[in-house]
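Each chain is listed here by its residues.
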Amino acid sequence: MKKITIIMMAVLFSSATISACSSNNAPETKSESVAKNASPVEIIYFHGKQRCMTCIAIEKETKALVEGELAKQVKAGKVKFHVVDFSTEEGKKIAAKYKVTFSSLFVVTPKGAENLTRFAFANARTNGEGFRKELKDKVVKAIR
């Protein structure tokens, strides 16, 4: 009985040692961390030639957030903000990629694009503070 216990312990110890050696428990280096997060979160606001007050508010509030509370993330290359006029030739190409035909707001990450247009139209003009807070939360969550 004693032999079996010793053999079992030896087998368990050797398999634990093998799995511990083969797992990658080394801390991430800075370059590995940067490589994982190489793609910035993009905030893209699409608009046409003519814009209503709400469309203008969406751009204004988003720009205020990007230049204010998200300025450090922008400077670090983690966040980018684009305003795309889909009535121009270049804008049409970008809009086609996102299937945009009217004013829209997207947050784009390596995992995909989130369409925040309904949220933006419901809040940007009448609840700027709430709009900025919610948009910031989504962007910060996407950065992590």
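Use the structure listed above.
What this report covers is the structure whose coordinates are included nearby. These figures come from a predicted structure and were not determined experimentally.

## Points about the sheet that holds strand 2 (residues 79-85)
Right, so step 1: In space, the 4 strands of this open sheet follow the order 2-1-3-4, with mixed pairing throughout. Single-partner strands in this sheet number two, and they are strand 2 and strand 4 (112-115). If you compare each strand with its neighbour and ignore which way they point, the axes differ by 20° on average.
Right, so step 2: Each of strand 1 (41-47), strand 2 and strand 3 (104-109) touches helix 3 (residues 53-67); the most contacted strand, strand 1, lies at about 155° to it.
Right, so step 3: This element, helix 7 (residues 128-143), spans strand 1, strand 2, strand 3 and strand 4 of the sheet and lies at about 20° to strand 3.

## Quick word on the environment of Ile143
Right, so step 1: Relative to the assigned elements, Ile143 resides in helix 7.
Right, so step 2: Owing to a relative accessible area of 19%, Ile143 belongs among the buried residues under this scheme.
Right, so step 3: For the pair Ile143 and Val41, spaced 102 residues apart in sequence, the C-alpha to C-alpha distance is 6.5 Å.

## Observations concerning the environment of Phe119
Right, so step 1: Counting through the fold element by element, Phe119 comes out in helix 6 (residues 117-123).
Right, so step 2: When the C-alpha atoms of Phe119 and Phe131 are compared, they prove to be 7.9 Å apart, with 12 residues separating the residues in sequence.
Right, so step 3: Filtering out sequence-adjacent residues up to four positions away, Phe119 remains in contact with Gly130, Phe131, Glu134 and Leu135.

## Brief notes about the pattern of salt bridges
Right, so step 1: Scanning the model with the defined rule gives 7 salt bridges in all.
Right, so step 2: The shortest N-O distance in the salt bridge between Lys92 and Glu89 comes to 3.5 Å. Residue Lys92 and its partner Glu89 are located together in helix 5 (residues 89-98), separated by 3 residues, close to a single helical turn.
Right, so step 3: Assessed through its relative accessible area of 42%, Lys92 is described here as partly exposed.
Right, so step 4: Salt bridges sharing common partners tie together Glu114, Glu134 and Lys138.

Conventions used here
- Residues numbered from 1 in each chain as written.
- Predicted model: local features only at pLDDT ≥ 70, side-chain atom pairs only at ≥ 80, totals over all residues.
- Heavy atoms only, no water.
- Pairing = 2+ DSSP bridges.
- Helix = DSSP H or I, 4+ residues; strand = E, 2+ residues; numbered from the N terminus.
- Axes fitted to C-alpha atoms, helices over the stretch in contact; angles between N-to-C directions.
- Contact = heavy atoms within 4.5 Å.
- Buried < 20%, exposed > 50% of the residue type's maximum accessible area, 1.4 Å probe, protein only.
- Salt bridge = Lys/Arg side-chain N within 4 Å of Asp/Glu carboxyl O.

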